[in-house]
Amino acid sequence: PTPGGDPTLGIPKNDQEIKQTIIAYRNNANQIEVLTTEQNIKSVYIFDLLGRNIFTKEKINDMSLTTNELLIRNQLVLVKIQTEDDKIITKKIILH
């Protein structure tokens, strides 16, 4: 894809640009917040490093999501975010 992408010409944005429009972080209540600036979030899945799914939310259709308090502590989790155009971005977050 061409850097910068141009939807009028049918040139999609590259993956790096899509990653920069999605933010995922742990807040003080041990919840994970996911925010996007350009597209609605379709689904969010959170996995521990053993590959176990610890959180799933589908049919979100919003530009933000806050999970319930996650009961796991002191580990790295993978947050898999699917946008409404079916792009999948994975973020790493440390839970304390």
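Keep in mind the model is a prediction, meaning the values are calculated, not measured. Throughout, residues of each chain are indexed from 1 in the direction in which the sequence is written. A pLDDT threshold of at least 70 governs which residues receive local features in this predicted model, and a stricter bar of 80 or more applies before side-chain atom pairs are shown or counted, although totals over entire chains, interfaces and linings include all residues. Remark: hydrogens and water are excluded; side-chain values derive from all non-hydrogen atoms of the structure.

A. Spotlight on the nonpolar core. Residues enter a nonpolar core if they are buried and are Ala, Val, Leu, Ile, Met, Phe, Trp, Tyr or Cys, with the set joined through side-chain atoms within 4.5 Å. In this scheme, a residue with accessible area under 20% of its type's maximum is buried, one over 50% is exposed, and one in between is partly exposed, where area comes from a 1.4 Å probe on protein chains only. In this structure, Ile32, Val34, Val44, Ile46, Val79 and Ile81 are the most contacted members of the largest nonpolar core, which totals 17 residues. Elements that contribute at least two residues to this core include exactly strand S1 (22–26), strand S2 (32–36), strand S3 (41–48), strand S4 (53–62), strand S6 (75–83) and strand S7 (88–95). Secondary structure elements are defined from DSSP: runs of H or I of at least 4 residues count as helices, runs of E of at least 2 residues count as strands, and each element is numbered from the N terminus.

B. Representation of the sheet that holds strand S5 (residues 64–66). DSSP calls a pair of strands paired once it identifies at least 2 bridges connecting them. As summarised here, the arrangement of the 3 strands in space is S1-S2-S5, forming an open sheet in which the pairing is antiparallel. Both outer strands of the open sheet, S1 and S5, are each paired with one neighbouring strand and no more. Geometrically, the sheet is characterised by an average inter-axis angle of 5° between neighbouring strands, direction not taken into account. Only the stretch in contact is used when fitting a helix axis, every axis being a line fitted to C-alpha atoms; angles between N-to-C directions are given from 0 to 180 degrees.

C. Region of interest: the environment of Leu50. Note that Leu50 resides in the loop between S3 and S4. Overall, the relative accessible area of 68% leaves Leu50 in the exposed class.

D. Spotlight on the pattern of salt bridges. Here, a salt bridge means any Lys or Arg side-chain nitrogen found within 4 Å of an Asp or Glu carboxyl oxygen. The tally for this structure, following the rule as stated, stands at 3 salt bridges. Between Arg73 and Glu69 there is a salt bridge whose closest N-O contact spans 3.2 Å.

E. Geometry of the side chain of Thr67. Note that Thr67 resides in the loop between S5 and S6. A 3.5 Å cut-off defines polar contacts: any pair of N or O atoms within that distance qualifies, except that in protein one atom must be a possible hydrogen donor and the other a possible acceptor, and neighbouring residues in sequence count only when both atoms are side-chain atoms. A polar side-chain atom of Thr67 sits 2.9 Å from the main-chain amide nitrogen of Ile32. The contact definition used throughout considers only heavy atoms, calling two residues in contact when any of these lie within 4.5 Å. When residues no more than four places from it in sequence are discounted, the contact partners of Thr67 are Gln31, Ile32, Ile46 and Phe55.

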